[in-house]
Amino acid sequence: MSIAFNITVTKDVIARAAQKAGRSPAAVRLIAVSKNQDDARIDAALAAGQRIFGENKVQEAQAHWEKRRLSYPDLELHLIGPLQTNKVRAAVALFDVIQTIDRPELAEKLAAEMKRQGRLLPCLIQVNTGLEPQKAGIAPDHVPAFCALCRDMLGLDIRGLMCIPPVAQDPAPHFDRLQELAQQLGLPELSMGMSADYEDAVGHGATYVRIGTALFGERV
Ligand SMILES: *Cc1c(COP(=O)(O)O)cnc(C)c1O
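Residues numbered from 1 in each chain as written. Predicted model: local features only at pLDDT ≥ 70, side-chain atom pairs only at ≥ 80, totals over all residues. Heavy atoms only, no water.

1. Points about the site of the ligand
Among the 13 residues in the neighbourhood of the ligand, the closest are listed as Lys35, Ser195, Gly212, Thr213 and Arg219. The separation between an oxygen atom of the ligand and a polar side-chain atom of lysine 35 is 2.7 Å. For the ligand, an oxygen atom lies 2.9 Å from a polar atom in the backbone of threonine 213. Coverage of the ligand by the protein amounts to 90% of the 390 Å² it exposes when considered alone. More than half of the atoms belonging to the ligand lie within 2 Å of the grid points that define the largest pocket. (Near = heavy atom within 4 Å. Polar contact = N/O pair within 3.5 Å; in protein donor to acceptor, adjacent residues only side chain to side chain. Areas by Shrake-Rupley, 256 points an atom, 1.4 Å probe, with all protein chains shown as cover. 1 Å grid on protein atoms, 1.4 Å probe; cavity = no way out; pocket = protein on both sides within 12 Å on 5 of 7 lines; lining within 4 Å. Sits in = over half its atoms within 2 Å of the grid points.)

Next comes the structure, spelled out in structure tokens:
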């Protein structure tokens with residue numbers, strides 16, 4: 001199957017899931033996750049008109065996008081992986097949206113660096129809805145206080161929440177919890193849903209779905 005075909009099919013599934021949930025298909029944006037994909041596949045997605053991409057490592061994202069973005073001024077790059085504080089400068093310079101704010105130290109560094117570069121990027125807070133010890137993210141109960149720190153104390157442009165539900169569980173309760181928290185905090189964006197569960201995520205209010213293998217095939 002071609003990548004252009006996969007993008008069309010995926011958008012179709014998103015649109016139908018949105019309609020079924022009484023939502024506008026335009027309220028859900030598709031992030032093509034290009035981590036571990038080769039140049040030919042990335043270029044095929046661009047040729048098919050895809051403009052929103054997600055990467056989970058700063059260095060790989062630089063290799064994929066620093067040159068390409070000069071040719072695509074409407075590109076929108078999301079950081080969806082953990083960010084080390086020593087990569088904050090490079091991340092702020094390259095990305096358009098940071099989805100993975102997951103600790104106070106990182107929030108402070110990002111706020112200072114965004115100010116320094118004059119790039120106040122939209123940000124999401126990563127929430128560890130499953131309270132998994134190996135997974136990054138703020139525990140759900142701590143999200144309101146952390147959001148207040150980011151928004152009110154540090155002046156970050158917090159737009160929403162992001163989660164990665166535990167692999168072996170029904171994701172629905174995790175999507176619901178994220179939606180509930182976002183509503184409580186008045187945050188419009190919900191980044192949830194990957195290749196295996198994005199249809200479900202759209203039914204539970206996702207505004208961004210992050211999809212890799214369903215578009216590109218297995219990672220190389
Ligand atoms: C890799 C990754 C994805 C995409 O996963 P697929 O199952 O290939 O769709 C989505 N979100 C995050 C945070 C990822 O690291």
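After that view, the rundown keeps rolling.
2. Observations concerning the pairing of strand S2 (residues 52–55)
Side-chain direction in a regular strand flips from residue to residue, so the side chains alternate between the two faces of the sheet. Side chains of S2 alternate between two faces, with Ile52 and Gly54 and Phe53 and Glu55 buried alike. With two bridges joining them, strand S1 (residues 29–33) and S2 adopt parallel strand pairing. By the bridge assignment, alanine 32 is partnered in S2 with phenylalanine 53. As a crossover connection, the stretch from S1 through helix H2 (residues 39–47) into S2 is right-handed. When S2 meets strand S3 (residues 76–79), the two strands line up parallel, connected through four bridges. By the bridge assignment, phenylalanine 53 is partnered in S3 with leucine 77. (Buried < 20%, exposed > 50% of the residue type's maximum accessible area, 1.4 Å probe, protein only. Helix = DSSP H or I, 4+ residues; strand = E, 2+ residues; numbered from the N terminus. Pairing = 2+ DSSP bridges. Right-handed = clockwise from strand over helix to strand, strands pointing away.)

3. Looking at the pairing of S3
One ladder, built from two bridges, connects S3 with strand S4 (residues 97–101); its direction is parallel. The partner of histidine 78 across the bridge, within S4, is valine 97. Once the chain exits S3 it traverses helix H5 (residues 88–94) before rejoining the sheet at S4, and the crossover so formed is right-handed.

4. What about the packing of aromatic side chains?
Following the criterion strictly, the structure yields one aromatic pair and no others. Judged by centre distance (4.5 Å) and plane angle (45 degrees), the rings of phenylalanine 53 and tryptophan 65 are tilted. Note that phenylalanine 53 is positioned in strand S2 and tryptophan 65 in helix H3 (residues 58–65), a separation of 12 residues in sequence. Given the relative accessible area of 0%, phenylalanine 53 is considered buried. Lying over the aromatic face of tyrosine 208, arginine 29 brings its terminal NZ or CZ to 4.1 Å of the ring centre. (Phe/Tyr/Trp six-rings, centres within 6.5 Å; stacked < 30°, edge-to-face > 60°. Lys NZ or Arg CZ within 6 Å of the ring centre and 35° of its normal.)

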